Structures are given as structure tokens and as C-alpha cells.
Amino acid sequence: MPQKPSKSPAGKGPRTPAAKAAGVAAKRPKVALKAASKTISKTTSKTNQNVSQQRIVRALETIAAHLSAQGKPAAERESFKQADAFVWHPDGRLAAVPRVSRVEMFLLKGVDRMRDILMENTERFANGLPANNALLWGARGMGKSSLVKAAHASINAERKPADRLKLIEIHREDIESLPALMEQLRASSFRFIVFCDDLSFDGNDASYKSLKAVLEGGIEGRPENVILYATPNRRHLLAREMIENERSTAINPGEAVEEKVSLSDRFGLWLGFHRCSQDEYLAMVRGYCSHFGVKIDDDALEREALEWSTTRGSRSGRVAWQFVQELAGRLGVKLAAT
């Protein structure tokens, strides 16, 4: 029997191989379009996920920043518990000092009156009572800074950790950052002695204005939990030639120096340290030798100590200590308290 022609779609002839290939080719763009659509959908989904994740990260960072800001005072309180003494750095950092280089109070000779006054002032401050900023001025090497550190240690000796005074040293060249330090200390529950050794101003140095504002002149003033102790060699903190130069070049000489000289007036307590007598110098030497176990005949000790002071051209606590160091080294004695 003759074969019947294969049926084809209406209106069309039989499907040849060429027609089949054309049909497959026609379907390919649709498949490609669907694949592209799926790819775009996946990419968009991933992009949305990344955006969402970034938003979550930013939100978490914001929350963490707020929590950190709220927790800062507590962190600062914890840092003050690390030690009783710190050194201030102008970048806002307080470096703890685990062991303060100091001299025991009973070894400080020839400064009995100044010692008693400073101890009374410091103890009142530690007890939350009114006290004055102190200016310890006078001869070099007579124990000004040693007395401040010894007073701090003596006050803390019988106090609980939470009631101890904190000693913070600020260097002379960092005085301009003093207001920033005050801002950190103001909110603390501790009480602080801010100590500046060898404080003085020369030439056109205007950093003293920061100190004046902190002492009494600013709107906020000195925080109630802070007291300032400074140890200059000059009572008015300015060199004599600087004062005379201001007077000679100013239209009104009195007003020209009044602003700078008035800085020392902001310290309510002035303690003058003067050169010691020969007997006081020898008492310092004997006190050091007894405390550190340096044994030598007293006549020889006196003779050598006086000769040492003569070669140095002065008598002071510093000279006495330098002699004891020389003597101990020569005798092979280590300077460890007995």
C-alpha cells in the first residue's frame, strides 16, 4: 500500500529536518532569556542580602559606639584602680606608674615646717575638706618634689584603695593640655594631686594662661576633686630678666608684668625652701647612711661629706644623696633599705 504522508500542523506542510532545526533555534532565545532572568534574580537577591548585611553591620557598629561611650567612665574608674600614680600625656593618655621613685618622709631633713604645712593641707584635701593649691619654691635640691611624693605616700599608707589619693604628674611642656586633663578627672570619684615639677615660664611663652584658667580664672574652674602642687625654683615663676625686660619696653610697666606675676598668686599656699646649714646637710648624710646600712667612722664620714659639698659648691639634700651614692658604691654597699 502506498504510504500516507505524515501529518503536520494545520496550514503547514510536512516538517522537514530544516524546519525542525529552525524550531529548535526559535526556542533557544526563550531558554536563554529564562536563564538570564534567573541569573539576574539571583544576583539581585545576593545584592539585596549584601546591602542588608551592610546595614546590619552599620547598625551594630553604631550601637557598639554608643555602648562604648556610655561605658567609658566605668573604664576610666577601672584604670585609676591600677595604680596610685600616673603620668599625663598630651594625647589624652594616663600612663600608670606601678612604683614611684621617692624618698621616705623621715629622711627629709631641714624641711620640718614645710613638711607639716603640706601634710596638713594634703590630709584636708584627702578628707574632702577645703585645701589650697601649693607652690613649693626655692633652692634647688632641697626636697621640693621629694616632699610632694612623700606626702602622697604618707597619706595613702593607711587608706583603703577606694579612698587613696592619685598622684598625676604633668610635664612642664604639656601645661597647655591641662584643661583636657581636668576634663577627664572632673567626673571621677577619686581625688587627685596634679603635680608639675620645675614649673617656670620664659620669653614669650603663653602656656601659663592655661594654668591660670584652671587654677581660678575659668568658668568651670578647678574641679573639687583636684588640687595642684608645683615646684618651681622661682617664686613668681618668671626669670628676673624677663620681668625687667617687660617693664622697660611696656607703656605701663606695672600692667605689663601683672598678668604673668599674678600666676603665683593663684596658689593659696606658698612654701619657701632655702639652702640648708652645714648641720642639716650632715644630718641628711647620716640619715641616708643609717637607713641604707652604709657603715663608716663618723669623723671620716663628716670629713668626706664636707669635702664633697665643697667641690660641688653647695649643700642640699640632692648633694647629700649624691655623696651617699658615691660612698656606698666605693664601699660595695647596695642602696636597699635595711
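Just above sits the structure.
Summary of the structure given here. If you're wondering where the values come from, they're calculated on a predicted model, not measured in any experiment.

Turning to the overall build of the chain, a few remarks are in order. What the chain contains, in helices and strands, is ten helices and seven strands. In the chain, which comprises 338 residues, the proportion classed as buried is 35%. Of the roughly 20,700 Å² that the chain leaves accessible, carbon and sulfur atoms contribute 51%.

What follows concerns the packing of aromatic side chains. By the definition in use, this model includes six aromatic pairs. Relative to Trp321, the ring of Phe292 lies with its centre 5.5 Å away and its plane at 50°, an arrangement referred to as tilted. With Phe292 in helix α8 (residues 278-292) and Trp321 in helix α10 (residues 317-331), this residue pair connects regions lying 29 residues apart in the sequence. Exposure remark for Phe292: the relative accessible area of 11% places this residue in the buried category. Each member of the aromatic cluster is reached from another via a ring pair, and the members are Phe80, Phe86, Phe190 and Phe192.

Attention shifts here to the nonpolar core. Formed by 46 residues in total, the largest nonpolar core has its most connected members in Leu118, Tyr281 and Val285. Among the elements that take part in this core, α8 stands out by supplying seven residues, more than any other. Excluding residues within four positions of it along the chain, Leu118 makes contact with Ala134, Leu136, Leu147, Val148, Ala151, Tyr229 and Leu271. The next biggest cluster of nonpolar side chains, apart from the first, holds 25 residues, and it includes Trp88, Leu94, Ile168 and Ile170.

Scoring rules and cut-offs
- Numbers given to residues run from 1 along each chain, matching the order in which its sequence is written.
- Local features in this predicted model are restricted to residues whose pLDDT is 70 or higher, and side-chain atom pairs enter the listing and the counts only when it is 80 or higher, whereas totals over whole chains, interfaces and linings include all residues.
- To get the side-chain values, take all heavy atoms of the structure and skip hydrogens and water.
- Strands here mean DSSP runs of E at least two residues long; helices mean DSSP runs of H or I at least four residues long; both are numbered from the N terminus.
- Partly exposed describes any residue whose relative accessible area lies between the buried limit of under 20% and the exposed limit of over 50%, with all areas from a 1.4 Å probe on protein chains only and scaled to the type maximum.
- Where accessible areas are quoted, they stem from the Shrake-Rupley method and a 1.4 Å probe; at the residue level, only the protein chains shown are allowed to cover.
- Working definition: rings of Phe, Tyr and Trp (its six-membered ring) pair if their centres are within 6.5 Å, and the pair is stacked with planes under 30 degrees apart, edge-to-face with planes over 60 apart, and tilted otherwise.
- Side-chain atoms within 4.5 Å are what join buried Ala, Val, Leu, Ile, Met, Phe, Trp, Tyr and Cys residues into a set we call a nonpolar core.
- Note on contacts: a residue pair qualifies if any of its non-hydrogen atoms lie within 4.5 Å across the two residues.

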